[in-house]
Amino acid sequence: MPATSKAADLLNRKAGVFLYPPHIPESFNSLQPLVRHRVEVYGGRFTAHDDISIGGLGWFSVAGSGVKAFDIWLPKGVKLFRRPALFPTQIRKAPPQAFHSKTPRKDNNQKHLMLLIVLMLLVVLVLMMLMLMVVLMLLLLLVLMLLARGPRISAQKRAMSEQIKEEEARQLQQHHDTENTETDAETKGRLELTDTTLKTGTKAAPLVAPENEEEFQLLVSQWSDEGTDQQQQQEEKHHNQQQQQEQQQGQQQQEALGR
């Protein structure tokens, strides 16, 4: 049998703390004096034949080969009795667990589980908020890029349009300058020829014989009319070319703006 010489001292020190119920020492002191009850039970190796029942507290089964004797101390008036085991083979299905002072209670396990669930929910909520913030920042960055891209492209289109206009105006001016230069050179040549004739005092010889002068005048008048018609045609042609250039310029501007 185990030694019981220190049982009273252990009970006085651990009552209401390690040994419960009751859960406070004051309640334990109110249960004094304790009365000893001796009970003997029999059991098999993995079979409980008897239960020990304590009134108002509960019952427990005892297994193990042979006869076992227990001294149980109870408050005065509390009954103890032995009865046949309710679950004689339960020990085979659920082996007993070792008991020690740090064994957690069920309510503590539930509290810990609830706390763990709450913490997990908080972590998930924080992660979702972070993801939402990242998405919002990306959307804001995209909007800023689009807003910055619009004015830049418009400025590029305007610059291209102005460059095209300047190039066409420069080409047109060069064409006019070339025509004016040719006209001035022709006029200058005629004036120089006239001055030379006047300075030398020579009289120009008639172009045709006197008998053919009327026919020559008729040809000159016809040639003048043809020259006038050709000049009008050239002016119309030049006007048409200018219109075509303006149309091409408008199409190029529209294409540049469309890009």
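To be clear, the structure that these remarks concern was listed above.
Because the structure is predicted, anything quoted here is derived from the model rather than measured. (Residues numbered from 1 in each chain as written. Predicted model: local features only at pLDDT ≥ 70, side-chain atom pairs only at ≥ 80, totals over all residues. Heavy atoms only, no water.)

*Asks:* How would you explain the overall build of the protein if you had to name every residue and give the values?
*Replies:* For the protein, the count of helices and strands is 5 helices and 5 strands. Listing each helix as α and each strand as β along the protein from the N terminus yields α-α-β-β-β-β-β-α-α-α. In the protein, 63% of the contacts between residues at least 6 apart in sequence involve partners at least 24 apart. A total of about 22200 Å² of accessible surface is found on the protein, and carbon and sulfur atoms cover 60% of it. (Helix = DSSP H or I, 4+ residues; strand = E, 2+ residues; numbered from the N terminus. Contact = heavy atoms within 4.5 Å. Areas by Shrake-Rupley, 256 points an atom, 1.4 Å probe, with all protein chains shown as cover.)

*Asks:* Describe the packing of aromatic side chains, listing the residues and the values that go with them.
*Replies:* The final tally for this structure, using the stated rule, is 1 aromatic pair. Aromatic side chains Trp59 and Phe87 sit 6.3 Å apart centroid to centroid with 20 degrees between the ring planes, which places their arrangement in the stacked category. A residue pair is termed long-range when its members are at least 10 positions apart, and Trp59 in strand β3 (residues 58-62) and Phe87 in the loop between β5 (80-84) and α3 (90-93) qualify at 28 residues. (Phe/Tyr/Trp six-rings, centres within 6.5 Å; stacked < 30°, edge-to-face > 60°.)

*Asks:* Can you break down a nonpolar patch on the surface residue by residue, with the values?
*Replies:* A contiguous nonpolar patch, built from Leu113, Met114, Leu116, Ile117, Met120 and Leu121 and spanning about 620 Å² of accessible area, is present on the exposed surface. Looking at where Met120 falls in the secondary structure, it is placed in helix α4 (residues 106-200). (Patch = residues over 30% accessible without salt bridge, like charges linked within 9 Å, V, L, I, M, F, W, Y side chains within 5 Å. Salt bridge = Lys/Arg side-chain N within 4 Å of Asp/Glu carboxyl O.)

*Asks:* Can you explain the sheet that holds strand β2 (residues 50-54)? Please cite residues and give values.
*Replies:* Spatial strand order, β3-β2-β5: 3 strands in an open sheet with antiparallel pairing. The outermost strands of the open sheet, each flanked by one partner alone, are β3 and β5. Averaged over all pairs of adjacent strands, the angle between strand axes in this sheet comes to 25 degrees, irrespective of strand direction. (Pairing = 2+ DSSP bridges. Axes fitted to C-alpha atoms, helices over the stretch in contact; angles between N-to-C directions.)

*Asks:* Can you tell me about the nonpolar core, naming the residues and giving the values?
*Replies:* Val39, Val41, Ile52, Ile54, Val62, Ile72, Leu74 and Leu80 together form the largest nonpolar core, which totals 8 residues. Beyond its immediate stretch of four places on either side in the chain, Leu74 contacts Pro33, Leu34, Val35, His37, Ile54, Lys79 and Leu80. (Core = buried A, V, L, I, M, F, W, Y, C linked by side-chain atoms within 4.5 Å. Buried < 20%, exposed > 50% of the residue type's maximum accessible area, 1.4 Å probe, protein only.)

*Asks:* Describe the side chain of Ser53, and please don't skip the residues or the numbers.
*Replies:* Along the polypeptide, Ser53 turns up in strand β2. A relative accessible area of 8% places Ser53 in the buried class.

*Asks:* Kindly report on the environment of Phe81, identifying the contributing residues and their values.
*Replies:* Position of Phe81 relative to the elements: it lies in strand β5. Spatially, the C-alpha atom of Phe81 lies 8.5 Å from that of Gly55, the residues being 26 residues apart in sequence. Setting aside its immediate chain neighbours within four residues, Phe81 contacts Asp51, Ile52 and Ser53.

*Asks:* Give a description of the pattern of salt bridges that names residues and reports values.
*Replies:* Scanning all chains against the criterion turns up 4 salt bridges. For Arg38, the salt bridge is made with Asp71, and the minimal N-O distance between the two is 2.9 Å. Taken as a pair, Arg38 in strand β1 (residues 34-43) and Asp71 in strand β4 (residues 66-75) lie far apart in primary sequence, 33 residues in all. Taking the relative accessible area as the measure of exposure, Asp71 reaches 30% and is therefore partly exposed.

*Asks:* Account for the pairing of β3, naming residues and giving values.
*Replies:* Note that β2 and β3 share 5 bridges and pair antiparallel. Among the inter-strand pairings, Ile54 is bridged to a residue of β3, identified as Gly58. Hairpin connection between β2 and β3: a loop of 3 residues separates the two successive antiparallel strands, and Gly56 in this loop has a positive phi of roughly 80 degrees.

*Asks:* Quick rundown of the environment of Ala15? Include the residues and the values.
*Replies:* Relative to the helices and strands, Ala15 is located in the loop between α1 (7-14) and α2 (25-29). Distance from Ala15 to Phe28, taken between C-alpha atoms, is 6.7 Å for residues 13 residues apart in sequence. In this structure, Ala15 is in contact with Leu10, Pro25 and Phe28, ignoring residues within four places of it in sequence.

*Asks:* Break down the side chain of Glu168 for me, with residues and values.
*Replies:* One can find Glu168 in helix α4. Leaving out residues up to four positions away in the same chain, Glu168 has contacts with Gln249 and Gln252.

*Asks:* Lay out the environment of Val41 in plain terms, naming residues and giving numbers.
*Replies:* Along the chain, Val41 turns up in strand β1. Taking relative accessible area as the criterion, Val41 reaches 1% and is therefore assigned buried. A sequence separation of 10 residues divides Val41 from Asp51, and the C-alpha atoms of the two residues are 7.8 Å apart. Excluding residues that lie within four positions of it along the chain, Val41 makes contacts with Asp50, Ile52, Val62, Gly66, Val67, Lys68, Phe70 and Arg82.

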